[in-house]
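Letter by letter, the chains look like this.
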Amino acid sequence: MTTPLFLLRCVELGIAISDLDLLTIGLVIDMWTEKGNDDVKYKKVAREATQEDFDKW
């Protein structure tokens, strides 16, 4: 990732340049990844695991 691309991602996330002193590059990338997952619909779990399931595992 280049510096201009990183700064673009920060702007898209609403992170001010002054706030970058408080954040790591990894945290900003994690925030960008999570932003990409906002529209993902996950399947509902059919059932909860029981003690028997854990014992088998």
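Our subject is the structure listed above.
These remarks concern the structure in this document. The numbering scheme is per chain: residues are counted from 1 as the chain's sequence reads. Totals for whole chains, interfaces and linings use all residues, but because this is a predicted model, local features are given only for residues with pLDDT of at least 70 and pairs of side-chain atoms are given and counted only at 80 or more. In computing side-chain properties, one takes all heavy atoms of the structure into account and sets aside hydrogens as well as water.

1. Section: the packing of helix α1 (residues 3-13) against helix α2 (residues 25-36)
Link 1 in the chain: To obtain an axis, a line is fitted to C-alpha atoms, over the contacting stretch when the element is a helix, and the angle between two such axes runs from 0 to 180 degrees between their N-to-C directions. What counts as a helix is a DSSP run of H or I of at least four residues, what counts as a strand is a run of E of at least two, and both are numbered from the N terminus. Packing of α1 against α2 leaves a shortest axis separation of 10 Å and a crossing angle of 55°. What the angle tells us is that α1 and α2 run oblique. Here α1 runs over α2; the crossing is left-handed. Across the interface between the two elements, Phe-6, Arg-9, Cys-10, Glu-12 and Leu-13 from α1 touch Ile-25, Val-28, Met-31, Trp-32 and Lys-35 from α2.
Link 2 in the chain: Class assignment for the residues of the contact of α1 with α2 results in seven nonpolar, no polar and three charged. Angles below 35 degrees are treated as roughly parallel, those above 145 as roughly antiparallel, those between 65 and 115 as roughly perpendicular, and all remaining angles as oblique. Here a crossing is called left-handed whenever its near helix is offset anticlockwise from the far helix by less than a right angle, and right-handed whenever the offset is clockwise. The criterion used for residue contact is that any of the two residues' heavy atoms lie within 4.5 Å. Residues are grouped as follows: Ala, Val, Leu, Ile, Met, Phe, Trp, Tyr, Cys and Pro are nonpolar; Asp, Glu, Lys and Arg are charged; all remaining types, including Gly, are polar.

2. Here's the deal with a negative patch on the surface
Link 1 in the chain: Patch definition: residues above 30% relative accessible area lacking any salt bridge, with like charges linked at up to 9 Å and the nonpolar side chains Val, Leu, Ile, Met, Phe, Trp and Tyr linked at up to 5 Å. Working definition of accessibility: Shrake-Rupley area with a 1.4 Å probe, residue cover restricted to the visible protein chains. Throughout this description, the term salt bridge denotes a Lys or Arg side-chain nitrogen within 4 Å of a carboxyl oxygen of Asp or Glu. Working convention for charge: Lys and Arg count positive, Asp and Glu count negative, and His plus the chain ends are omitted. Taken as the charge centre is NZ of Lys, CZ of Arg, CG of Asp or CD of Glu, depending on the residue. A cluster of acidic residues, Asp-30, Glu-34, Asp-38 and Asp-39, forms a negative patch at the surface.
Link 2 in the chain: By the secondary structure assignment, Asp-30 is in helix α2.
Link 3 in the chain: Burial classes follow relative accessibility: with a 1.4 Å probe on protein chains only, a residue under 20% of its type's maximum area counts as buried, one over 50% as exposed, and anything between as partly exposed. Given a relative accessible area of 48%, Asp-30 falls into the partly exposed group.

3. What to know about a nonpolar patch on the surface
Link 1 in the chain: On the surface, Met-1, Leu-5, Leu-8, Ile-25 and Ile-29 cluster together to form a nonpolar patch covering roughly 460 Å² of accessible area.
Link 2 in the chain: Elements with a minimum of two residues in the nonpolar patch: α1 and α2.
Link 3 in the chain: Locating Met-1 in the fold gives a position in the segment before α1.

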